[in-house]
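Survey of secondary and tertiary structure
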Amino acid sequence: MTASLQRICVFAGSSVGSRRVYVEAAEQLGRTLAQQNIGLVYGGGGVGLMGRMADAALAAGGQVIGVIPEALQQREVGHRNLTELHVVASMHQRKELMASYADAFVVLPGGLGTLEETFEVWTWAQLGFHRKPIGLLDAGGYWQPMIAMIDHMIDQGFVNSRHREFVCIESQVPELLEALRAWQPVEQPRVIRSGET
Ligand code: AMP
């Protein structure tokens, strides 16, 4: 059974990075979401990979919803031509609203902010707070060092190997979207409160 994806929340760098492959991946993701009629939810900025992805989705006729905190409107150059731009009061509200709109998460190359957003949804999946798939778009092998770190953490007994399965990793956009559709939630152990059987 495959899941239908109506909207995907994408985390992406506010910079474009040093290699052309990152911009190409961001633009391909934006275009493909539009072509597959999947709404794009993102941080609402006009800069970096975020902006390139949003521009590509809009140019291909896609629906793009941005969520930006008031305090970042200037720094991240709140995008003016989106289908919807929600201006919220805080970073926490931004992440909450972005997550609530989406059926799945995709991560493009990015910096510390992108990592923070990724690990929040990853750890929340681990805690059973949501059952939405997470996909890493490993453009140009960008995420390989992070994946090696996760494998090291599993090897050293700090991460349960089952929790790696929350994340699909692909280097190409079509394969990643297919993996998200095919993804089945990892079953979590049932929490038994005292007195229950
Ligand atoms: P970066 O990957 O650092 O270029 O940032 C990408 C996006 O993550 C930007 O829209 C930032 O505003 C956002 N961001 C940065 N720090 C945080 C944070 N602590 N929580 C949530 N989002 C963040």
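Structure's up top.
How each quantity is defined
Residues numbered from 1 in each chain as written. Predicted model: local features only at pLDDT ≥ 70, side-chain atom pairs only at ≥ 80, totals over all residues. Heavy atoms only, no water. Pairing = 2+ DSSP bridges. Helix = DSSP H or I, 4+ residues; strand = E, 2+ residues; numbered from the N terminus. Axes fitted to C-alpha atoms, helices over the stretch in contact; angles between N-to-C directions. Near = heavy atom within 4 Å. Polar contact = N/O pair within 3.5 Å; in protein donor to acceptor, adjacent residues only side chain to side chain. Areas by Shrake-Rupley, 256 points an atom, 1.4 Å probe, with all protein chains shown as cover. Nonpolar A, V, L, I, M, F, W, Y, C, P; charged D, E, K, R; others polar. Core = buried A, V, L, I, M, F, W, Y, C linked by side-chain atoms within 4.5 Å. Buried < 20%, exposed > 50% of the residue type's maximum accessible area, 1.4 Å probe, protein only. Contact = heavy atoms within 4.5 Å. Right-handed = clockwise from strand over helix to strand, strands pointing away.

1. Points about the sheet that holds strand β6 (residues 134-137)
Ordered in space as β4-β3-β2-β1-β5-β6-β7, the seven strands form an open sheet in which the pairing is parallel. In this open sheet, the two edge strands, each paired with only one partner strand, are β4 (84-88) and β7 (167-170). Across this sheet, the average inter-strand angle for adjacent strands is 25°, counted without regard to direction. Sheet topology note: the strand β5 (residues 104-107)/β6 ladder contains three bridges and is parallel. Opposite Val106, over in β6, you have Gly135 as the bridge partner.

2. Side note on the site of the ligand
With respect to spatial proximity, 16 residues lie near the ligand, and among them Ser14, Glu76, Gly111, Thr114 and Glu116 are the closest. Between a nitrogen atom of the ligand and a side-chain N or O atom of Glu116, the distance comes to 2.8 Å. Expressed as a share of its isolated accessible area of 490 Å², the protein-covered part of the ligand is 78%. When residues of the shell around the ligand are assigned to their parent elements, the largest contribution, five residues, is made by helix α4 (residues 112-126). Tallied by class, the residues present in the shell around the ligand amount to five nonpolar, six polar and five charged.

3. Brief notes about the nonpolar core
Within the largest apolar cluster, 54 residues are counted, with the highest numbers of intra-cluster contacts made by Ile8, Val10 and Leu108. When residues of this core are assigned to their parent elements, the largest contribution, six residues, is made by helix α1 (residues 20-35). Among residues more than four places away in sequence, those in contact with Ile8 are Leu33, Ile38, Gly39, Leu40, Val41, Ala102, Ala104, Phe105, Val106, Leu177 and Leu180.

4. Comments concerning the pairing of β5
Side chains of β5 alternate between two faces, with Ala104 and Val106 and Phe105 and Val107 buried alike. Here strand β1 (residues 7-11) pairs with β5 via four bridges, running parallel. Each bridged residue has a counterpart across the sheet, and for Val10 the counterpart in β5 is Val106. With respect to chirality, the unit in which β5 leads through α4 into the neighbouring parallel β6 is right-handed.

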